[in-house]
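# Commentary on secondary and tertiary structure
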Amino acid sequence: MMREAGSIWTGIGEAALAENRPALSALRRLLTRQYHVFREQGSEAAREVEDIGARMKDQMESAETELQNNGAALLLQGLRQKILECYAVEEKAFRLLERVIRNN
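Here goes a summary of the coordinates provided.

Criteria and cut-off values
- Residues numbered from 1 in each chain as written.
- Predicted model: local features only at pLDDT ≥ 70, side-chain atom pairs only at ≥ 80, totals over all residues.
- Heavy atoms only, no water.
- Helix = DSSP H or I, 4+ residues; strand = E, 2+ residues; numbered from the N terminus.
- Rg over C-alpha atoms; globule rule 2.2 N^0.38 Å.
- Buried < 20%, exposed > 50% of the residue type's maximum accessible area, 1.4 Å probe, protein only.
- Contact = heavy atoms within 4.5 Å.
- Areas by Shrake-Rupley, 256 points an atom, 1.4 Å probe, with all protein chains shown as cover.
- Lys, Arg positive; Asp, Glu negative; His and termini not counted.
- Charge placed at Lys NZ, Arg CZ, Asp CG, Glu CD.
- Axes fitted to C-alpha atoms, helices over the stretch in contact; angles between N-to-C directions.
- Parallel < 35°, antiparallel > 145°, perpendicular 65-115°, else oblique.
- Left-handed = near helix turned anticlockwise from the far one by under 90°.
- Salt bridge = Lys/Arg side-chain N within 4 Å of Asp/Glu carboxyl O.
- Expected span 1.5 Å × (residues − 1).
- Arc of directions from axis to C-beta.

The subject of this paragraph is the overall build of the protein. Counting its secondary structure elements, the protein contains four helices and zero strands. At 18 Å, the protein has a C-alpha radius of gyration far larger than the 13 Å of a compact globule built from 104 residues. With 104 residues in all, the protein has 27% of them scored as buried. Put simply, 66% of the contacts in the protein that link residues at least 6 apart link residues at least 24 apart. In the structure as shown, the protein presents an accessible area of about 7800 Å², 54% of it carried by carbon and sulfur atoms. Charge centroids of the protein, computed over 15 positive and 16 negative side chains, lie 7 Å from each other.

Written out as structure tokens, the structure is:
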């Protein structure tokens, strides 16, 4: 069940940085790049990670403008649905875990 919830959380992240929104899509690519650079190079990548962070800050401003101009309601509606789906899966998993703990 928790793997299912993890998969849903991945979907939430992908929906939040939607490919059909240029500024959000660019932000997603920067986040992915920053993650891979740090994971592969560790502390030796500090300068590049910092540079990516500065570009992400600029991209956040573009994303904010994009959402204000194009409306965020549809994006938020999709996120809400995915979060509710995740809540249901996690709630079921925690109930099962609680039963297991009580029976031991």
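Let's pick the thread back up.
This part takes up the packing of helix H2 (residues 22–41) against helix H3 (residues 46–70). Between H2 and H3, the least distance of the axes is 8 Å, while the angle of their chain directions is 165°. Considering the angle they form, H2 stands roughly antiparallel to H3. The handedness of the crossing between H2 and H3 is left-handed. Taken together, the residues of H3 that come into contact with H2 (itself represented by Pro22, Ala23, Leu24, Ala26, Leu27, Leu30, Leu31, Arg33, Gln34, Val37, Phe38 and Gln41) are Glu48, Val49, Ile52, Gly53, Arg55, Met56, Gln59, Met60, Ser62, Ala63, Glu66 and Leu67.

A word on the pattern of salt bridges. Opposite charge on two side chains permits pairing when their charged atoms draw close. Per the counting criterion, the structure on display carries seven salt bridges. With a closest N to O distance of 2.7 Å, glutamate 48 and arginine 33 form a salt bridge. Separated by 15 residues along the polypeptide, glutamate 48 in helix H3 and arginine 33 in helix H2 bring together distant segments of the chain. Residues glutamate 91 and arginine 95 are paired through a salt bridge, measuring 3.0 Å at the closest nitrogen-oxygen approach. Of the two residues, glutamate 91 and arginine 95 are both situated in helix H4 (residues 73–103); the distance of four residues between them amounts to about one turn of the helix. In this structure glutamate 91 comes out as partly exposed when scored by relative accessible area, which is 29%. A single network of salt bridges, built from pairs that share partners, joins Glu14, Glu19 and Arg28.

With that settled, consider helix H1 (residues 2–16). The end-to-end C-alpha distance of H1, which contains 15 residues, comes to 21 Å, matching closely the 21 Å that a straight helix rising 1.5 Å per residue would cover. Along H1, the residues classified as buried are Ala5, Ile8, Gly11, Ile12 and Ala15. Seen end-on, H1 carries its buried residues on one side only, within an arc spanning 115°. Exposed residues lying more than 90 degrees from the buried face of H1 are Arg3 and Ser7.

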